[in-house]
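# Structural characterization, general
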Amino acid sequence: MTPISYIPEHAKELSNEDIKKLIKENKVNFIRMQFVDINGQVKNMAVPSIQIDKILNNELMLDGSSIKGFRSIETSDMYFYPDRKTFAILPWRSKEEGNVARIICDIHNADGTPFEGCPRCNLKRVIKEAKDLGYVMNVGPEAEFFLFKKDEENNATTLTHDRADYYDVGPDDHGEDIRGEIVYTLQKMGFEIEASHHEAARGQHEIDFKYSDTLTCADNIITFKYAVKAVASKYGLHATFMPKPIFGINGSGMHCNISLFKDEKNAFLDESRTYKLSQEALWVIGGLMENVKAFTAVTNPLVNSYKRLVPGYEAPVYLAWSNANRSALIRVPAKRGNATRVELRSPDPSCNPYLALAVILQAAIDGVKNRKEPVMPVEHNIYDMTEKERKRNKIDTLPGSLLEALHYMEKNDVVKAALGEHIFNEFLTAKYKEWDDFRTFVSQWELEKYLERY
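These notes cover the structure that comes with them.

Next up on the list: the overall build of the protein chain. Across its full length, the protein chain holds twelve helices and 19 strands. For 454 residues, the compact-globule estimate of 2.2 N^0.38 gives 22 Å, and the C-alpha radius of gyration of the protein chain, at 22 Å, lies within 12% of that figure. Across its three principal directions, the C-alpha atoms of the protein chain cover 70 × 60 × 50 Å. Within the protein chain, the proportion of its 454 residues that are buried is 55%.

A word on helix α8 (residues 353-369). An ideal rise of 1.5 Å per residue puts 24 Å on 17 residues; α8 measures up with 24 Å between its terminal C-alpha atoms. Summarising burial for α8: 16 of the 17 residues are buried, a large majority. Where α8 begins, one side-chain oxygen reaches toward the backbone nitrogen of Tyr354, 3.0 Å away; that side chain belongs to Asn352. In the segment just after α8, Arg371 is the residue with positive phi, at about 50 degrees.

In terms of nonpolar packing, the biggest core is built from 103 residues, with Phe224, Ile360 and Met409 touching the most fellow members. Non-local contacts of Met409, meaning those with residues more than four positions away in its chain, are made with Ala294, Ala297, Val298, Val415, Leu419, Phe424, Phe427 and Leu428. With 27 residues, the next largest nonpolar core counts Ile19, Ile52, Ile89 and Ile103 among its residues.

Inspection of every chain in the model, using the stated rule, returns 15 aromatic pairs. Between the aromatic rings of Tyr275 and Trp321, the centroid separation amounts to 6.0 Å while the plane-to-plane angle is 90 degrees, which identifies the pairing as edge-to-face. You can see Tyr275 sitting in the loop between β14 (265-266) and α6 (279-299) and its partner Trp321 sitting in strand β16 (residues 321-322), a full 46 residues away along the chain. Relative accessible area serves as the criterion here: at 2%, Trp321 is assigned to the buried category. Plain terms: the ring middles of Trp445 and Tyr450 are 5.7 Å apart, the flat faces sit at 90 degrees to each other, and that makes the pair edge-to-face.

Here we come to the pairing of strand β7 (residues 136-150). Of all 15 residues in β7, twelve are buried, a share of seventy percent or more. Pairing between β7 and strand β11 (residues 212-213): two bridges, direction antiparallel. In the strand pairing of β11, Val139 is matched with Ser212. For β7 and strand β10 (residues 204-209), the ladder comprises three bridges, and the chain directions are antiparallel. Looking at β10, one finds that Phe146 is bridged to Gln204. The pairing of β7 with strand β12 (residues 237-240) spans four bridges and is antiparallel. Each residue of the ladder has a partner; that of Phe148, found in β12, is His238. Hairpin connection between β7 and strand β8 (residues 156-160): a loop of five residues separates the two successive antiparallel strands, and Asn154 in this loop has a positive phi of roughly 70 degrees.

Our focus in this paragraph is helix α10 (residues 402-410). Leu402, Ala405, Leu406 and Met409 are the residues of α10 that are buried. Buried residues in α10, looked at end-on, bunch into an arc of 100 degrees, giving them a common side. On its buried side, α10 packs onto α6, α7 (305-308) and α11 (413-440).

A surface patch of nonpolar side chains, about 280 Å² in accessible area, is lined by Val442, Leu447 and Leu451. Mapped onto the elements, Val442 comes out in the loop between α11 and α12 (444-450).

Interhelical geometry of α6 versus α11 gives an angle of 35 degrees and a closest axis separation of 12 Å. Seen along the crossing, α6 lies across α11 with a hand that is left-handed. Side by side, α6 and α11 meet where Asn291, Ala294, Phe295, Ala297 and Val298 of the first sit next to Val414, Val415, Leu419 and Phe427 of the second. For the contact of α6 with α11, the class distribution of residues is eight nonpolar, one polar and no charged.

With that out of the way, let us pick up the packing of α8 against α11. Running from amino to carboxyl end, α8 crosses α11 at an angle of 150 degrees, the nearest separation of the two axes being 7 Å. By the angle class used here, α8 and α11 are roughly antiparallel. Residues Leu355, Ala358, Val359, Gln362, Ala363 and Asp366 of α8 touch α11, and the partners they reach there are Val414, Val415, Ala417, Ala418, Leu419, Ile423 and Phe427. Residue composition of the contact of α8 with α11, by class: eleven nonpolar, one polar and one charged.

Rules of the game
- Residues numbered from 1 in each chain as written.
- Predicted model: local features only at pLDDT ≥ 70, side-chain atom pairs only at ≥ 80, totals over all residues.
- Heavy atoms only, no water.
- Helix = DSSP H or I, 4+ residues; strand = E, 2+ residues; numbered from the N terminus.
- Rg over C-alpha atoms; globule rule 2.2 N^0.38 Å.
- Buried < 20%, exposed > 50% of the residue type's maximum accessible area, 1.4 Å probe, protein only.
- Expected span 1.5 Å × (residues − 1).
- Polar contact = N/O pair within 3.5 Å; in protein donor to acceptor, adjacent residues only side chain to side chain.
- Core = buried A, V, L, I, M, F, W, Y, C linked by side-chain atoms within 4.5 Å.
- Contact = heavy atoms within 4.5 Å.
- Phe/Tyr/Trp six-rings, centres within 6.5 Å; stacked < 30°, edge-to-face > 60°.
- Pairing = 2+ DSSP bridges.
- Arc of directions from axis to C-beta.
- Patch = residues over 30% accessible without salt bridge, like charges linked within 9 Å, V, L, I, M, F, W, Y side chains within 5 Å.
- Areas by Shrake-Rupley, 256 points an atom, 1.4 Å probe, with all protein chains shown as cover.
- Salt bridge = Lys/Arg side-chain N within 4 Å of Asp/Glu carboxyl O.
- Axes fitted to C-alpha atoms, helices over the stretch in contact; angles between N-to-C directions.
- Left-handed = near helix turned anticlockwise from the far one by under 90°.
- Nonpolar A, V, L, I, M, F, W, Y, C, P; charged D, E, K, R; others polar.
- Parallel < 35°, antiparallel > 145°, perpendicular 65-115°, else oblique.

Given below as structure tokens:
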């Protein structure tokens, strides 16, 4: 039997008996109860499969005080609440003597209520707010990553295993076989892969999978990153979603293609209007444009993220929207019909997808509820404009550093509503600490620049 490992959210939820049958037929020995912390790092507790009844009855506990951004030691008892749709057999852990499965969990308080600091629970709250307005957001992410060699001690380096370019083929592209195995692995996990190719920078790759509803998309991004790293490791390589690992070449982004559906129809399409975009689509663009400076700290959460968001490397740093122009922050791809969508180009793959999609969805809701009209689209290449021309066209820029992004975030009610008070405060505290660590660290650049000269 071919193992089932990923069940899309719109599919029938697996019953307890379905899961027990899959465990038996696939010789599953361990089940990893998976969740993420505030930084989007995958955490899990491995449980022998003979404990499946306890897993499915929400009886297993964790110490919330040990997880970044969760609970204090005084209120640390928390419970795993598994989502049966996400039962997954991990293909890279398959062995003759037995398999390993995972199930994605929400984290609940001791009284059974959803924990307000659980990124997945928080996203479900924002999704419900949109649903109450009649909307479902679909998202198609485009996550880029680098493959690097490891040294003799198995530590990651920044030495790439190829020097190929955009869309190159083998033998220049040494990543063909690895990408092929990643695609095969993801397909075994229920992903519908749309494309894979070498990206613009040496050692850089992209694999695109089909759009899905917001929660499934966030789950898919976490699973995708997990699978990419696991397969790369089999080849003795390190896969990284760090936004800008090498100076002087393109960084890695995660463009997010979003659309709102209402009554199972694409609410962004209106054949009778200019650009065939509905009023709701324009309001969403307006909501994104107005709030993007404030949510950039969430979609681009690392000090390193802002090494990517600089002019000259195709990064979307200019606050404008267009119908095709890739130099704008937001563009509307040419396809219409059910494929009508808005592409937000600034996020990077280091983000916590549950938090990133929460702030994007909340900004979209804000645009619709408050009828935020966007400025006119910019169809000229903004990269070629002078600073005076950008000012004349009222084209602003994204924050230039994590510190600047945090200042915008701190003053924004939409981002606070998207994250809830607990995550909002914990995120700011953690990221200000990260900035301070960076600010006070003496880098190699400083030593090379100043040590002998002064």
